[in-house]
Amino acid sequence: MFRRLPRPAMAAPRAPWRWALAGLCLGVLPALVLWAPARWLAAAVLQASGGQLQLRQPEGTLWTGSAQLVLTGGAGSEDQAALPGRVRWQLRPAWGGAQARVVADCCTSTPLQLRAALGLDALRVQMADGQSQWPAGVLAGLGTPWNTVQPQGQLQLVTTGLALQWARGRMQLQGQLRLDALGMYSRLSTLRPMGSYRLLLQGGAGGEAPTLQLSTLDGALLLSGSGQWVGQRLRFTGEASAAPEREAALANLLNIIGRRSGARSIITLG
């Protein structure tokens, strides 16, 4: 008699839920990235700035959204100031990095454009040449000493060939950033305006450290100074004084912004 051999065991069919889970991941993950909420960017900005820069009431997505920009004194501070209107952004992946367009309702006639490129142990952020105007009053939100000085006026920002690069723990700056503070005044003085001023940040050539220059364009409050980055820290020395006929009106401000030395107030940072 022939003996019946047992049939070979058939492989158990793959559980349907595994295929469903794989399909779900392939469908959901790209959608999650594409429709990532704007609050994710707000959280990243909050952490990176130590709480001093906040995107409140975010709307839209990580890639195309808007929020109210608020400056604060950081953790434990009650100082805060909001930029008028909203800030709107567009983020797009680019070869080797990303690019961004930022528009502030109050302050940018044309979008601010930035491009970030990630290389081997290096990050480079480049800003397109442009010009924008910002209310000086928003600086009071940053806390001391701005909350005491309470500056008012117009800040005109101009960038030319500006690029920042971090490589092997070192920062390098190329190009130029010019900040003109126009028609400035303060609650510490009855003189309005006190003057207009220029702060010029110049990138170093050939690996040299970036420099900072402060000068007076016009007015009764006279400001001047210069500084340089040493490692990651700015070392700045300057002085403030008043035109002879305006010393009494500017005395309180001179006592606050620096160390008095006769008629001058010495300003040191770093």
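Please read these numbers as outputs of a predicted model, since none were measured by experiment.

Reading the values: rules and limits
- Residues numbered from 1 in each chain as written.
- Predicted model: local features only at pLDDT ≥ 70, side-chain atom pairs only at ≥ 80, totals over all residues.
- Heavy atoms only, no water.
- Pairing = 2+ DSSP bridges.
- Helix = DSSP H or I, 4+ residues; strand = E, 2+ residues; numbered from the N terminus.
- Core = buried A, V, L, I, M, F, W, Y, C linked by side-chain atoms within 4.5 Å.
- Buried < 20%, exposed > 50% of the residue type's maximum accessible area, 1.4 Å probe, protein only.
- Contact = heavy atoms within 4.5 Å.
- Patch = residues over 30% accessible without salt bridge, like charges linked within 9 Å, V, L, I, M, F, W, Y side chains within 5 Å.
- Areas by Shrake-Rupley, 256 points an atom, 1.4 Å probe, with all protein chains shown as cover.
- Salt bridge = Lys/Arg side-chain N within 4 Å of Asp/Glu carboxyl O.
- Arc of directions from axis to C-beta.

Asks: How would you summarise the pairing of strand S9 (residues 152–167) if you had to cite specific residues and measurements?
Replies: Here six bridges tie strand S7 (residues 122–127) to S9, and the two strands are oriented antiparallel to one another. In the sheet register, arginine 124 faces S9, and the bridge partner there is glutamine 165. Here strand S8 (residues 130–135) pairs with S9 via six bridges, running antiparallel. Within S9, the residue paired with glutamine 133 across the bridge is glutamine 156. Note: S9 against strand S10 (residues 170–185), 13 bridges, orientation antiparallel. When the sheet's bridge partners are listed, tryptophan 166 is paired in S10 with methionine 171. Taking the residues that link successive antiparallel strands as the turn, the S9-S10 hairpin has two residues, and the phi of arginine 168 there is positive, at about 55°.

Asks: Pulling in residues and values, what's your account of the nonpolar core?
Replies: Within soluble globular proteins, side chains that are nonpolar tend to cluster in buried spots. Counting 46 residues, the largest nonpolar core has Leu55, Leu83, Trp134, Met194, Leu221 and Leu250 as its most contacted members. If near-sequence neighbours (up to four positions away) are discounted, tryptophan 134 is found in contact with Leu83, Ala104, Cys107, Thr108, Leu112, Gly153, Gln154, Leu155 and Leu157.

Asks: Describe the side chain of serine 241, with residues and values.
Replies: Relative to the helices and strands, serine 241 is located in strand S14 (residues 233–242). By relative accessible area, serine 241 is classed as buried at 17%. Excluding residues within four positions of it along the chain, serine 241 makes contact with Ala220, Leu221, Leu222, Leu254, Ala263 and Arg264.

Asks: Which residues make up a nonpolar patch on the surface, and what are the values?
Replies: A surface patch of nonpolar side chains, amounting to about 290 Å² of accessible area, comprises Leu118, Leu123 and Trp166. Inspection of the secondary structure assignment puts tryptophan 166 in strand S9.

Asks: If you had to explain the environment of serine 186 to someone new, which residues and values would you point to?
Replies: Within the element layout of this structure, serine 186 appears in the loop between S10 and strand S11 (195–202). Under the relative-accessibility criterion, serine 186 is labelled buried at 1%. Between the C-alpha atom of serine 186 and that of leucine 253, which follows or precedes it by 67 residues, the distance is 8.1 Å. For serine 186, the residues in contact, after removing those within four places along its chain, are Val149, Gln150, Met194 and Leu253.

Asks: Pulling in residues and values, what's your account of helix H2 (residues 38–48)?
Replies: Within H2, the full set of buried residues consists of Ala38, Leu41 and Ala42. Axial view of H2: buried residues confined to an arc of 105°, hence all on one face. The outward face of H2, more than 90 degrees from its buried face, is lined by the exposed residues Arg39 and Gln47. The elements touched by buried residues of H2 are strand S1 (53–60) and strand S4 (87–94). Just past H2, the residue glycine 50 takes up positive phi, approximately 65°.

Asks: Before we move on, could you go through the pairing of strand S6 (residues 112–119) and cite the residues and values that matter?
Replies: When strand S5 (residues 97–104) meets S6, the two strands line up antiparallel, connected through six bridges. Residue pairing for S6: valine 102 is matched across the bridge by leucine 112. The hairpin turn running from S6 into S7, its antiparallel successor, is two residues long, and aspartate 121 in that turn takes a positive phi close to 55°.

Asks: Can you lay out unusual backbone geometry for me, pointing to particular residues and giving the numbers?
Replies: In most cases, non-glycine residues show a negative phi, while peptide bonds are predominantly trans. For the bond running from threonine 144 to proline 145, omega is 0°, close enough to zero to count as cis. Here proline 145 shows up in the loop between S8 and helix H3 (146–149). A cis amide bond links arginine 192 to the next residue, proline 193, at an omega of -5°. In this structure, proline 193 sits in the loop between S10 and S11. Positive phi, close to 50°, is recorded for glutamine 57, a residue that is not glycine. Relative to the helices and strands, glutamine 57 resides in strand S1. You can call glutamine 57 exposed: its relative accessible area is 55%. Here glutamine 150, not a glycine, exhibits a phi torsion of approximately 50°, which is positive.

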